[in-house]
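# Coordinate analysis (summary)
Chain residues, written in single-letter form:
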Amino acid sequence: MRVGTESTSTAVDVRILTRAELTLHGVALDAPVRRPDGAGPSGDGHVLVDGANAALPTNPASPYRVRDGSVWLGDQDTGLALTAVNRPKFYDLTTADGIPYEHIARLHGADVLATTVVQTCIRYAESDRCRFCTIEESLRSGAAVAAKTPAQLAEVAEAAVRLDGVQQMVMTTGTTTGPDRGARNLVRSVRAVLEAVPGLPIQVQCEPPGDLAWIRELHDAGATAIGIHVESLDEEVRRRWMPGKSTVPMAEYEAAWDEAVRVFGPNRVSTYLLVGLGEDPDELIAGAGELIDRGVYPFVVPFRPMAGTLAARDGVPAPSADLLTYVTEGVAARLRAAGMSGADQKAGCAACGACSVLRTAGG
């Protein structure tokens, strides 16, 4: 029996299933680069698995061990190579007013700089909060500053590119009170970073702005790609898991995706889909196929009950590796049929791929 699953089906790709188990259950490894909390998948060590970015829980209780650069399950070599990402040099720097650079932006994988431009969210009260989110826990732990200025982001990005060879950047934001829902701050930040580091691919992430003209503003500021994250296509799941965010109608997401594809182009727009929230897996795969038909990349990621989330407090478990593998393989097949690859986005979560198993599955 494998961790978290009782499947013995020979139809399952063992390599993908093993990668799924690593994503869910982690590896016994002390990774130098970690992300304890924040707006996305957290509590991870950043490593390379077979040379590709991977964000895995650093779990001393995991049955997976690393020996001589390979992942082992007991006395069995899984065939996967794993190396930890080295601590970046830019983490040693601080701003003139004493803020550590890593409190402004962090390394993801080996070559991606990521930041939450505004580390607060209007939906973080318990009655509204997304049950999987820890965006403001970074503030409570002292690991981030609430609002990063464009000048700070430009300073850190320049150093990360110069000292550590960063190849792309991701800018997300908590939802703000204005009708732009955070897009305005992203526009300013993208412009500042590209003035300091011309040509750096940048993905921006925000809720559908109330005025879709902000999507053109983000593109014209220089953003390479955009993520408009819905997390689930099932209305009941949305209401249960995202009580505040689900008040934004699905029609607004669809309009924003279509406008973003028109402005940025096909496969330059993505959305998270979380596996394990209770959505029917076949319906999830079918919905992902419809997104692909729109030109939107469905970035399939497992829900994990991270410390500080409402889901963890309530004891909600992560999905099984079987379920994650099934959905991942189904979505990857549709991506391949459409000729869509996350790497082709040049910047963003799909381009990085660390939090998903899609790249292992050929998506």
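Please read these numbers as outputs of a predicted model, since none were measured by experiment.

Turning next to the sheet that holds strand E8 (residues 112–116). Strands belonging to one sheet form pairs held by backbone hydrogen bonds; the direction of such a pair is parallel or antiparallel. Within the open sheet, the seven strands sit side by side as E7-E8-E9-E10-E11-E12-E13. Their pairing is mixed. Of all strands in the sheet, those with a lone pairing partner are strand E7 (106–108) and strand E13 (296–302), marking the two edges. Taken pair by pair, the neighbouring strands of this sheet meet at an average axis angle of 25°, ignoring direction. With three bridges connecting them, strand E9 (residues 168–172) and strand E10 (residues 202–205) associate as parallel partners. Residue pairing across strands places methionine 169 opposite isoleucine 202, the latter belonging to E10. Relative to the sheet, helix H10 (residues 321–338) contacts strand E12 (269–275) and E13, its axis offset from that of E13 by approximately 165°.

Running from N to C, helix H1 (residues 14–25) and H10 point in directions that differ by 120°, and their axes come no closer than 9 Å. Relative to H10, the element H1 is oriented oblique. Considering how the two elements wind past one another, H1 and H10 form a crossing that is right-handed. Here Ile16, Leu17, Ala20, Glu21 and Leu24 of H1 lie close against H10, whose contacting residues are Ala321, Asp322, Leu324, Thr325 and Glu329. The residue inventory of the contact of H1 with H10, partitioned by class, reads six nonpolar, one polar and three charged.

Throughout the structure, instances matching the rule amount to 20 salt bridges. The partner of glutamate 137 in a salt bridge is arginine 140, and the shortest N-O contact between them spans 3.0 Å. Taken together, the residues span about one helical turn, with glutamate 137 and arginine 140 both in helix H2 (residues 137–140) at a distance of three residues. Residue glutamate 137 is classed as buried on the basis of its relative accessible area of 14%. Taking the shortest distance from any N to any O, the salt bridge between arginine 240 and glutamate 236 comes out at 3.6 Å. Residue arginine 240 and its partner glutamate 236 are located together in helix H6 (residues 235–241), separated by four residues, close to a single helical turn. In this structure, a network of salt bridges that share partners links the residues Arg87, Asp92, Glu102 and Arg106.

Let us now look at the pairing of E10. Here E10 shows a buried face lined by Ile202 and Val204 and a second buried face lined by Gln203 and Gln205. Since E9 and E10 lie parallel, the crossover through helix H4 (residues 183–196) that links them has a hand, and here it is right-handed. Pairing of E10 with strand E11 (residues 225–227) involves three bridges; the strand directions are parallel. Among the inter-strand pairings, glutamine 203 is bridged to a residue of E11, identified as alanine 225. This β-α-β element, E10 to helix H5 (residues 213–221) to E11, shows right-handed connectivity.

What follows is about the state of the cysteines. One pass over the full model with this rule turns up zero disulfides. The thiol sulfur of cysteine 352 is not disulfide-bonded, and the nearest other cysteine sulfur, from cysteine 355, lies at 6.5 Å. In this structure cysteine 355 is a free cysteine whose sulfur lies 6.5 Å from that of cysteine 349, the closest cysteine sulfur available.

Another point: helix H7 (residues 250–264). Side chains three or four residues apart in an α-helix point the same way, a direct result of the helix having 3.6 residues per turn. Here H7 spans 20 Å end to end across 15 residues, near enough to the 21 Å set by a 1.5 Å rise per residue. Met250, Tyr253, Ala256, Trp257, Glu259, Ala260, Val261, Val263 and Phe264 are the residues of H7 that are buried. Each element contacted by the buried residues of H7 is listed here: H5, E11, H6, E12, helix H8 (281–294) and E13.

Across all of its chains, the model carries five aromatic pairs by this definition. Geometrically, the ring pair formed by phenylalanine 132 and tryptophan 241 is stacked, given 6.4 Å between the ring centres and 25° between the ring planes. Residue phenylalanine 132 is found in the loop between E8 and H2, and its partner tryptophan 241 is found in helix H6; the two are separated by 109 residues along the sequence. On the basis of relative accessible area, phenylalanine 132 is assigned to the buried category, the value being 13%. Each member of the aromatic cluster is reached from another via a ring pair, and the members are Phe132, Trp241 and Phe303.

It is worth spelling out the environment of glycine 315 at this point. On the secondary structure map, glycine 315 appears in the loop between helix H9 (310–313) and H10. Among the residues examined, glycine 315 registers a relative accessible area of 55% and is labelled exposed. Between the alpha carbons of glycine 315 and threonine 120 there is a distance of 25 Å; along the sequence they are 195 residues apart.

Calculation notes
Residues numbered from 1 in each chain as written. Predicted model: local features only at pLDDT ≥ 70, side-chain atom pairs only at ≥ 80, totals over all residues. Heavy atoms only, no water. Pairing = 2+ DSSP bridges. Helix = DSSP H or I, 4+ residues; strand = E, 2+ residues; numbered from the N terminus. Axes fitted to C-alpha atoms, helices over the stretch in contact; angles between N-to-C directions. Contact = heavy atoms within 4.5 Å. Parallel < 35°, antiparallel > 145°, perpendicular 65-115°, else oblique. Left-handed = near helix turned anticlockwise from the far one by under 90°. Nonpolar A, V, L, I, M, F, W, Y, C, P; charged D, E, K, R; others polar. Salt bridge = Lys/Arg side-chain N within 4 Å of Asp/Glu carboxyl O. Buried < 20%, exposed > 50% of the residue type's maximum accessible area, 1.4 Å probe, protein only. Right-handed = clockwise from strand over helix to strand, strands pointing away. Disulfide = S-S within 2.5 Å. Expected span 1.5 Å × (residues − 1). Phe/Tyr/Trp six-rings, centres within 6.5 Å; stacked < 30°, edge-to-face > 60°.

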